[in-house]
Amino acid sequence: MATRTDAPTRREQILKEAARLFAERGFHGVGVDEIGAAVGISGPGLYRHFAGKDAMLAELLVGISGQLLTGARRRVAEAGDAAPDALLDSLIEGHIDFALDDRPLITLHDRELDRLPGGDRKLVRQLQRQYVELWVEVVRRLYPALAEPAARATVHAVFGLLNSTPHLGRPGRTATAELLHRMARGAFAAAVG
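Just so it is clear, the model here is predicted, and its values are computed rather than measured.

### Some words on the overall build of the chain
Of regular secondary structure, the chain possesses 8 helices and 0 strands. Listed by position from the N terminus, the elements making up the chain come as α-α-α-α-α-α-α-α. By the compact-globule yardstick of 16 Å for 193 residues, the chain fits well, its C-alpha radius of gyration being 18 Å. Its C-alpha atoms give the chain principal-axis dimensions of roughly 55 × 35 × 30 Å. Put simply, the chain has 193 residues, and 42% of those count as buried.

What follows is the structure, given as structure tokens:
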């Protein structure tokens, strides 16, 4: 979502508003009529785009997990033989972009992941594990003395830090991104002592 520069499709508009409303009021606190009104169509008109609210939730949570993994893989491929230091910075920047631009999805994931049907929830977890493992590989290239379990724990801790953005209010984006980046790098450096 955050990387598109062209106009969003109607489907993307619906998903964006559904994410915002679900994050604000909870999945069960929002009806299809409210989502439709937020994008200028009738609630029943949403059924031309989605089978229902459950389908929207699944697409949002599976979609963002897939986007994060795809973006990280792209950054790794583009880095080629670049220093692991630069690659870690690139991964951090990509996750910060998500954390600042898609805050409702963080809240939605925290609150509503358990509402997904088992297959969708399993897919989200698989995508997330692959994303974590990609980071662990990069971190261990940069900090070879860091054991794999410690690297994985540190990656999860950094995600917790970066995903705290829904609780930060609305400070300036650039200053917040710089602060988060410094803190993430500091967490990795602290993990190696």
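The discussion continues.
### Overview of the UniProt feature "DNA-binding region" (unreviewed entry) in the chain
The sites that UniProt annotates as "DNA-binding region" (unreviewed entry) are residues 31–50. End-to-end, the C-alpha atoms of residues 31–50 are 14 Å apart, and along that stretch the chain is 40% helix and 0% strand.

### Let's talk about the nonpolar core
One finds Phe22, Ile35, Met56, Trp135 and Phe188 to be the most contacted residues of the largest nonpolar core, which totals 59 residues. Looking at this core, the elements with two or more residues in it are helix H1 (10–25), helix H2 (32–39), helix H3 (53–79), helix H4 (84–101), helix H5 (103–112), helix H6 (118–142), helix H7 (148–162) and helix H8 (173–191). Beyond its immediate chain neighbours, meaning those up to four positions away, Ile35 contacts Ile14, Ala18, Leu21, Phe22, Val30, Leu46, Lys53 and Met56.

### Some words on the packing of H1 against H5
At a minimum axis separation of 8 Å, H1 and H5 run at an interaxial angle of 55 degrees. Classified by the angle their axes make, H1 and H5 are oblique. For the element pair H1 and H5, the recorded crossing hand is left-handed. When H1 is examined against H5, the residues Ala19, Arg20, Phe22, Ala23 and Glu24 are found in contact with a partner set consisting of Pro104, Leu105, Thr107, Leu108 and Arg111. Here the contact of H1 with H5 is built from residues that sort into 6 nonpolar, 1 polar and 3 charged.

Cut-off values and rules
Residues numbered from 1 in each chain as written. Predicted model: local features only at pLDDT ≥ 70, side-chain atom pairs only at ≥ 80, totals over all residues. Heavy atoms only, no water. Helix = DSSP H or I, 4+ residues; strand = E, 2+ residues; numbered from the N terminus. Rg over C-alpha atoms; globule rule 2.2 N^0.38 Å. Buried < 20%, exposed > 50% of the residue type's maximum accessible area, 1.4 Å probe, protein only. UniProt positions renumbered as here; feature names shortened; annotations may be inferred. Core = buried A, V, L, I, M, F, W, Y, C linked by side-chain atoms within 4.5 Å. Contact = heavy atoms within 4.5 Å. Axes fitted to C-alpha atoms, helices over the stretch in contact; angles between N-to-C directions. Parallel < 35°, antiparallel > 145°, perpendicular 65-115°, else oblique. Left-handed = near helix turned anticlockwise from the far one by under 90°. Nonpolar A, V, L, I, M, F, W, Y, C, P; charged D, E, K, R; others polar.

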